[in-house]
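Residues per chain are reported as follows:
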Amino acid sequence: MTESVFYADLPWPEVAARVAAGAPIFLPLGATEQHGRHMALNVDVVIPTAIAVRAASLVGGLVLPTVAYGNRSQPKTGGGPRFPGTLNLTAHTFALIVRDVICDLYRQNVRKIVTVNGHFENIGPTIEGIELALDALGRDVVRDLVILRVDHWDMVQPQTLDRIFPDGYPGIELEHASVIETSIMLALRPELVDLARATHDGPANFRPYDRYPRPSDEVPDSGVLSLTEGSSAEKGEWLLADSVNGIVAMIESEFSKGCKA
Ligand code: ZN
Ligand code: MN
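Owing to the predicted nature of the structure, the values given are computational and were not obtained by experimental measurement. (Residues numbered from 1 in each chain as written. Chains lettered and ligands numbered in written order. Predicted model: local features only at pLDDT ≥ 70, side-chain atom pairs only at ≥ 80, totals over all residues. Heavy atoms only, no water.)

Peer 1: Got a sec to walk through the layout of surface pockets? Specific residues and values, please.
Peer 2: As a volume, the largest pocket reaches approximately 260 Å³. Taken together, 15 residues line the largest pocket, and the ones lying closest to its centre are Phe165, Gly168, Val179, Leu227 and Glu229. When its residues are assigned to classes, the lining of the largest pocket shows 8 nonpolar, 3 polar and 4 charged. (1 Å grid on protein atoms, 1.4 Å probe; cavity = no way out; pocket = protein on both sides within 12 Å on 5 of 7 lines; lining within 4 Å. Points joined across faces, edges and corners; volume = space filled by probe spheres on them. Nonpolar A, V, L, I, M, F, W, Y, C, P; charged D, E, K, R; others polar.)

See the structure below:
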């Protein structure tokens, strides 16, 4: 049989044995969302999946099938509804997917779960899904369950951001389809990036409040919220290394505590 790190590549007896042996189970959370004219729609799927695979390989974990649909894309963090290609789940639906997967993992004796998120708008509904799972399972009866929720960009070291953004980091919200995501995609899947198609029409100039109906001029036409210039595969590897190292350190620290609340 295969030595795959992917949970769903294995037959059930092997999954059961790995879970019984204490393997951390990774759930990558993504989106199918526009990422400018220069990148594929699956950036938010490719990146957290790859980080989960690298981390799981280092800690003996397994990676679940990635949730490939994300919570509703917002103009200020993902371009929003005006771009063809983006497919949205409501926050309610997304939270229930997270809840149901966690509940079924618990029923199957998984006690170490790591969600690795690649899409900004998933943050709130992931937290809600975890809380709903704990409510459904009963907080008093699942004290042996530890769930770690991480957004991959939060694992990047300040020194790395200083190296990549010597003129100042614009913040992850504005980094949509910009230097961070483009660099990581150049490292992981360069065939899905065509920098010649980048139109450099950013950065976005958002108002400090929300207006409905949404203004038509707030998101650059390309769908890129910040800048693409300066992206490179080398920077992508720096970012990936920080995320993977940070997640491995988190797992070694948190799961060694005997999973007691
Ligand atoms: Zn993205
Ligand atoms: Mn996104």
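Picking up where we left off.
Peer 1: Kindly report on the coordination of the manganese ion (ligand 2), identifying the contributing residues and their values.
Peer 2: Around the manganese ion (ligand 2), the donor atoms from the protein are Glu33 (OE), Asp44 (OD) and His119 (ND1), and they sit 2.0 to 2.3 Å away. Mapped onto the polypeptide sequence, the residues donating to the manganese ion (ligand 2) form the spacing pattern E-x10-D-x74-H. A separation of 3.3 Å is found between the manganese ion (ligand 2) and the zinc ion (ligand 1), which share aspartate 44 as a coordinating residue. Within this pair, whereas aspartate 44 is found in helix α2 (residues 43–59), its partner histidine 119 is found in the loop between β5 (112–117) and α5 (123–137), the two being separated by 75 residues in sequence. (Donors = N, O, S within 2.8 Å, 3.2 Å for Na, K, Ca; no water. Helix = DSSP H or I, 4+ residues; strand = E, 2+ residues; numbered from the N terminus.)

Peer 1: Tell me about the sheet that holds strand β6 (residues 146–151), and please be specific about residues and values.
Peer 2: Spatially, the 4 strands line up as an open sheet ordered β2-β1-β5-β6, and their pairing is parallel. The sheet is open, and its two edges are formed by β2 (62–63) and β6, each paired on a single side. Across 6 bridges, β5 lies against β6 in parallel orientation. Looking at β6, one finds that valine 116 is bridged to valine 150. (Pairing = 2+ DSSP bridges.)

Peer 1: I'd like a rundown of helix α8 (residues 233–254), residues and numbers included.
Peer 2: Between its first and last C-alpha, α8 extends 31 Å over 22 residues, near the 32 Å set by a 1.5 Å rise per residue. Restricting attention to buried positions, one finds in α8 the residues Lys235, Gly236, Leu239, Leu240, Asp242, Ser243, Val244, Gly246, Ile247, Val248, Met250 and Ile251. (Expected span 1.5 Å × (residues − 1). Buried < 20%, exposed > 50% of the residue type's maximum accessible area, 1.4 Å probe, protein only.)

Peer 1: Break down empty space enclosed by the protein for me, with residues and values.
Peer 2: In this structure the tally under the stated criterion is 1 cavity of 30 Å³ or more. Of the voids in this model, the largest cavity is the one considered here, and its volume is about 110 Å³. Taken together, 16 residues make up the lining of the largest cavity; nearest its centre are Thr77, Phe120, Ile172, His176 and Glu181. Class assignment for the residues of the lining of the largest cavity results in 3 nonpolar, 7 polar and 6 charged.

Peer 1: Let's hear about the coordination of the zinc ion (ligand 1): which residues, and what values?
Peer 2: In this structure, His35 (NE2), Asp44 (OD), Glu181 (OE) and Glu181 (OE) serve as the protein donors to the zinc ion (ligand 1), at separations of 1.9 to 2.8 Å. Relative to the metal, the 4 donor atoms surrounding the zinc ion (ligand 1) lie at angles of 52 to 140°, and the coordination shape comes out irregular. One chain supplies every donor to the zinc ion (ligand 1), and in sequence these donors are spaced H-x8-D-x136-E. Judged by its relative accessible area of 2%, aspartate 44 is buried. (Tetrahedral: all angles 85-135°; square planar, octahedral: opposite > 155°, others 65-115°.)

Peer 1: Any chance you could break down the packing of aromatic side chains for me, citing the residues and the numbers?
Peer 2: Using the criterion set out here, one finds 2 aromatic pairs in the structure. Both rings, one in phenylalanine 165 and one in tyrosine 169, keep their centres 5.2 Å apart while their planes meet at 40°; by these two values the pair is tilted. In this structure, arginine 111 packs its charged tip against the face of tyrosine 106, placed 3.6 Å from the ring centre. Over the face of the ring belonging to tyrosine 212 we find arginine 214, whose NZ or CZ atom lies 5.2 Å from the ring centre. (Phe/Tyr/Trp six-rings, centres within 6.5 Å; stacked < 30°, edge-to-face > 60°. Lys NZ or Arg CZ within 6 Å of the ring centre and 35° of its normal.)

Peer 1: Can you lay out unusual backbone geometry for me, pointing to particular residues and giving the numbers?
Peer 2: In this model, glycine 202 is joined to proline 203 through a cis peptide bond whose omega is 0°. Within the secondary structure, proline 203 is located in the loop between α7 (179–188) and α8. In the segment running from tyrosine 212 into proline 213, the intervening peptide bond is cis, with an omega of 0°. By the element assignment, proline 213 lies in the loop between α7 and α8. One non-glycine residue, asparagine 109, adopts positive backbone phi at about 75°. Summarising the element assignment, asparagine 109 is placed in the loop between α4 (91–107) and β5. At alanine 177, a residue that is not glycine, the phi angle is positive and equals roughly 60°. Along the chain, alanine 177 falls in the loop between α6 (158–164) and α7.

Peer 1: Tell me what's going on with the environment of valine 193, and back it up with residues and numbers.
Peer 2: Locating valine 193 in the fold gives a position in the loop between α7 and α8. Residue classification places valine 193 among the buried residues on the basis of a relative accessible area of 12%. With 83 residues separating them along the chain, valine 193 and valine 110 place their C-alpha atoms 37 Å apart. In this view, valine 193 contacts His38, Met39, Thr182, Met185 and Leu186; residues no more than four positions away in its chain are not counted. (Contact = heavy atoms within 4.5 Å.)

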